[in-house]
Amino acid sequence: MIIEKYKVERPALAIHGGAGRWERAKAEEEKYLDVLEKSLLKGYEHLRSRNNRIESVIEAIKVLEDSMIYNAGSGSSLNIAGEREMDAGLMDGESLKAGAVTLVKNTKNPIELAYLIYRYTDHMIIGCHGAEKIAEYYRLEKPPAIPKHVFDRYKETLKNIDKVEYIRRNKDLIDIYKEEIYGTVGAVAIDIDGKLAAATSTGGIMLKLPGRIGDTPIPGSGFYSDSYVACSATGIGESILSISLCRSIALHYRYTKDLEKSVIEAFRELERIWGKNTAGIIAISNNNTLIFAYNTTAMARGYKDPNNIYYRIF
Ligand code: ASP
């Protein structure tokens, strides 16, 4: 497992663009890095000028969702039926309020829709047609057509499977798209007062069964924030769900007050069942410690604070 640890200054924003092998992206690394930089600058502006942690994570994620090259929003991976089914969620650490959407097809920015659930409803997670109805009511933009490279990749992956079975066990699925990058996106922010927020958005794992819901829209699994830790996860959703990865880290932190140890402990539990090449996280604590951790080959990641901007894939 690879761990990077930084002491940041407030306010600070960190993002990820998915953990995985990133084989295909090697030749086009610049393109991916460019989007990371834009996302950090856009999201950070909302921290710097308005000290708004929620807006900051949303704006950072919208840049990634709109980029077409990360697995979220317009660039989302397709399910086995060749459709987009997107999930997103966000959480405020101060109020423990969260908003999330799942199985959304007709919204350009699922993270905006998650925000509407957070802001205007009494609920935390709304799925499918219910979520789309809210998107319509608030006149959210529709997504563009599925980009050609996403569709080509879907077709190519299907071709490479000798016999496509409609129902496969997840571990088989994981083997099928070994070379695939995951590319889910996430963000965590700490404002000038030490208050935290987290958000995550994804198209889910490629070739998932229609209707499958992963970790991303589930508070505590794909994202979590309380007043001590904010965390966003990426990887095989089922592995993350099985130990509620982000909440596990936050709970360990409550007792250890050591973010690095907390992350190591949570990954140990996850890897005991699921092994390596399964997950990545970004986490920030209210004492300004930032951790990037992944047990895959690489993870697109970056942060910005008043003094530094940093972004990398490998
Ligand atoms: N965690 C996401 C899911 O399982 C996929 C990813 O992180 O790429 O839906």
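Since the structure is predicted, the reported quantities are computational estimates derived from the model, not experimental observations.

Right, let's talk about the site of the ligand for a bit. Looking at the ligand, there are 11 residues lining it, with Thr184, Arg212, Asp215, Gly235 and Gly237 nearest. Separating an oxygen atom of the ligand from a side-chain N or O atom of arginine 212 is a distance of 2.7 Å. Contact distances for the ligand include 2.7 Å between an oxygen atom and a backbone N or O atom of glycine 235. Computed on the free molecule, the ligand has an accessible area of 270 Å², of which 100% lies beneath the protein chains in the complex.

So, about the environment of histidine 252. Residue placement: histidine 252 occurs in helix H8 (residues 245-256). Residue histidine 252 is classed as partly exposed on the basis of its relative accessible area of 25%. Sequence-wise, histidine 252 and glutamate 265 are 13 residues apart; in three dimensions their C-alpha atoms are separated by 7.7 Å. Setting aside anything within four residues of it in sequence, one finds histidine 252 in contact with Lys257, Ser262, Glu265 and Ala266.

Where H8 meets helix H9 (residues 259-274), the closest approach of the two axes is 8 Å, and the angle between their N-to-C directions is 135 degrees. Put simply, H8 runs oblique to H9. H8 and H9 meet at a crossing whose hand is right-handed. Facing Leu245, Ser248, Ile249, His252, Tyr253 and Thr256 of H8, the residues of H9 in contact are Leu259, Ser262, Val263, Glu265, Ala266, Glu269 and Leu270.

Rules and cut-offs
- Residues numbered from 1 in each chain as written.
- Predicted model: local features only at pLDDT ≥ 70, side-chain atom pairs only at ≥ 80, totals over all residues.
- Heavy atoms only, no water.
- Near = heavy atom within 4 Å.
- Polar contact = N/O pair within 3.5 Å; in protein donor to acceptor, adjacent residues only side chain to side chain.
- Areas by Shrake-Rupley, 256 points an atom, 1.4 Å probe, with all protein chains shown as cover.
- Helix = DSSP H or I, 4+ residues; strand = E, 2+ residues; numbered from the N terminus.
- Buried < 20%, exposed > 50% of the residue type's maximum accessible area, 1.4 Å probe, protein only.
- Contact = heavy atoms within 4.5 Å.
- Axes fitted to C-alpha atoms, helices over the stretch in contact; angles between N-to-C directions.
- Parallel < 35°, antiparallel > 145°, perpendicular 65-115°, else oblique.
- Left-handed = near helix turned anticlockwise from the far one by under 90°.

Purely spatial values, then, with no claim about function.
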